[in-house]
Amino acid sequence: MKAMTIKPGVSKIGAVHWERRLFDSLIPLPDGTSYNAYLVEGKDKIALLDTVDPMTSDVLIEQLKDVEKIDYIIAHHAEQDHSGCIPLVLEKYKEAKVICTPKAKTFLMDLLLIPEDKFITVEDGETLDLGGKTLKFIHAPWVHWPETMFTYLVEDKILFTCDFLGSHLATSELYATDECKVYEAAKRYYAEIMMPFRNFIEKDLEKIKDLDIDIIAPSHGPVYNNPKFILDAYNEWVYAKPKNIVVIPYATMHGSVKKMVEYLQTALVAKGVIVKPFDLSVTDIGELAMALVDAATIVIGTPTVLTGAHPMVVYATYLANALKPKTKFVSIIGSYNWGSRAQDQLSQMITNLKVEVISPVFIKGFPKEEDFKALDKLAEEIVKKHEEAGIL
Ligand SMILES: Cc1cc2nc3c(=O)[nH]c(=O)nc-3n(C[C@H](O)[C@H](O)[C@H](O)COP(=O)(O)O)c2cc1C
């Protein structure tokens, strides 16, 4: 990828990783991703903002071929998809210094073995003049590690946010022109990476609220020349109350739990509730995470396997608990034949969620008449809760 000019003296470089399909050995990437680095050239000094994942280091090195000097490498975040090529850049530009928060310095020393004398740490609000280009550093811890910061380029009104407000989306376009596509990718990114840190995000949104921003330049996905688009989206995901949606992650081996899920779904839909079932054996876990951003209720469905919940359900429940969505109500439905502790096991796994638990429905084998009645009762209870919450 060639450098793309955002404003005179400000360009986007970095790599588009079209074919990458898994991140952190965990997160599906249906649309690939990008690692955005930025060059800011003042009259006196040149700064490189972040680097790229070492898997794409050759792209960055090629882009820097004609850049004679770099004075500063701004490291917004110590995770290797942005910081991993700092050692390479330092090797090429012997005089360069790494600018980061005090915490990021310790992280980068531990993760990348960068010597201490290469760092300049900056406090919240500190500025650095490159010669007509003033970088203002804004500490923004916990998006999504404790050491993160943003940089505001004062003269050009560009906010560099690193992972915050980003999206895993490979594109050859500089700007987020296809807003439907970008909305989806950014929501997925928010759900998987940012949602657990909602409280911190509230503080960050507050902190940047009064900045005069023309452009938001994240480190994954396209740049926003309409900052309102992504800020409105984050405000919705973070602040809006959960919606009239029931998400049902479930597993089934021989169809009993599937029948329960289908019955419950039909009963809820008939009463005006939106239902999103996820058969975990075929689910892209990012789709589930996205659905959790808005759902008022989660119903977990599991067969009993070796006395406990199905391992895929354990995984999804662990994930839902770790992602800390705004969900208000949880219930569990399941099936067993001779004995089960699945219900207790799953109940103990959702301690992060500030939810009211609606009585679970656990049945023997395939659902029968009385089991369908129990599911009708569960549907009625969910509807009542949604009505009381003012979302139905
Ligand atoms: C590998 C395996 C292990 C199972 N372990 C238990 C168990 O420990 N306790 C139990 O009551 N039922 C156990 N069952 C029975 C299932 O939980 C039961 O048949 C249930 O109805 C299956 O739901 P499904 O049809 O949705 O897969 C097991 C079934 C399988 C296939």
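Calculation notes
Residues numbered from 1 in each chain as written. Predicted model: local features only at pLDDT ≥ 70, side-chain atom pairs only at ≥ 80, totals over all residues. Heavy atoms only, no water. UniProt positions renumbered as here; feature names shortened; annotations may be inferred. Pairing = 2+ DSSP bridges. Helix = DSSP H or I, 4+ residues; strand = E, 2+ residues; numbered from the N terminus. Expected span 1.5 Å × (residues − 1). Buried < 20%, exposed > 50% of the residue type's maximum accessible area, 1.4 Å probe, protein only. Contact = heavy atoms within 4.5 Å. Salt bridge = Lys/Arg side-chain N within 4 Å of Asp/Glu carboxyl O. Near = heavy atom within 4 Å. Polar contact = N/O pair within 3.5 Å; in protein donor to acceptor, adjacent residues only side chain to side chain. Areas by Shrake-Rupley, 256 points an atom, 1.4 Å probe, with all protein chains shown as cover. Nonpolar A, V, L, I, M, F, W, Y, C, P; charged D, E, K, R; others polar.

An unreviewed UniProt entry annotates the chain as Putative flavoprotein originating from Thermoanaerobacter siderophilus SR4. Quoted verbatim from the Sequence similarities (unreviewed entry) field of the UniProt record, the comment on the chain reads "In the N-terminal section; belongs to the zinc metallo-hydrolase group 3 family."

Student: I'm lost on the pairing of strand β8 (residues 97-100) in this one. Help?
Tutor: Put simply, side chains in a regular strand alternate between the two faces of the sheet. Bridge analysis of strand β7 (residues 72-74) against β8 gives 3 bridges, and the strand direction is parallel. In the strand pairing of β8, I74 is matched with I99. In this sheet, strand β9 (residues 119-121) lies alongside β8 in parallel orientation, the contact comprising 3 bridges. In the strand pairing of β9, I99 is matched with I120.

Student: Got a minute to help me understand helix α7 (residues 227-239) in this structure?
Tutor: Since there are 3.6 residues in each turn of an α-helix, residues three or four apart along the chain are aligned in direction. In this model, α7 (13 residues) spans 18 Å end to end at C-alpha, consistent with the 18 Å of a helix rising 1.5 Å per residue. Listed in full, the buried residues belonging to α7 are P227, F229, I230, L231, A233, Y234, W237 and V238. Those residues of α7 that are buried are in contact with α5 (179-194), α6 (198-208), β14 (215-218) and α9 (285-294).

Student: Before we go on, may I ask you to explain the pattern of salt bridges in this structure?
Tutor: Scanning the entire structure with this criterion turns up 20 salt bridges. One salt bridge in this structure joins K105 and E116, with 2.9 Å as the shortest N-O distance. Pair noted here: K105 is in helix α4 (residues 102-112) and E116 is in the loop between α4 and β9, with a separation of 11 residues, a long-range link. A salt bridge links K385 to E356, with the shortest nitrogen-to-oxygen separation between them at 2.6 Å. Placement of the pair is K385 in helix α12 (residues 369-388) and E356 in strand β20 (residues 356-357), with a sequence separation of 29 residues. When its relative accessible area of 12% is taken as the criterion, K385 is described as buried. Linked through salt bridges whose partners overlap, the residues forming this network are K187, E236, K243 and D294.

Student: How should the site of the ligand be read in this particular structure?
Tutor: In the vicinity of the ligand lie 17 residues, with T252, M253, T304, T307 and S335 positioned nearest. Between the ligand and G255, the relevant distance is 3.1 Å, taken from an oxygen atom to a main-chain nitrogen or oxygen of the residue. Between the ligand and V257, the relevant distance is 2.8 Å, taken from an oxygen atom to a main-chain nitrogen or oxygen of the residue. Protein contact buries 82% of the 640 Å² of open area that the ligand shows by itself. If you tally residues by element for the shell around the ligand, the top one is strand β17 (residues 295-305), at 3 residues. Here the shell around the ligand is composed, by residue class, of 7 nonpolar, 10 polar and no charged.

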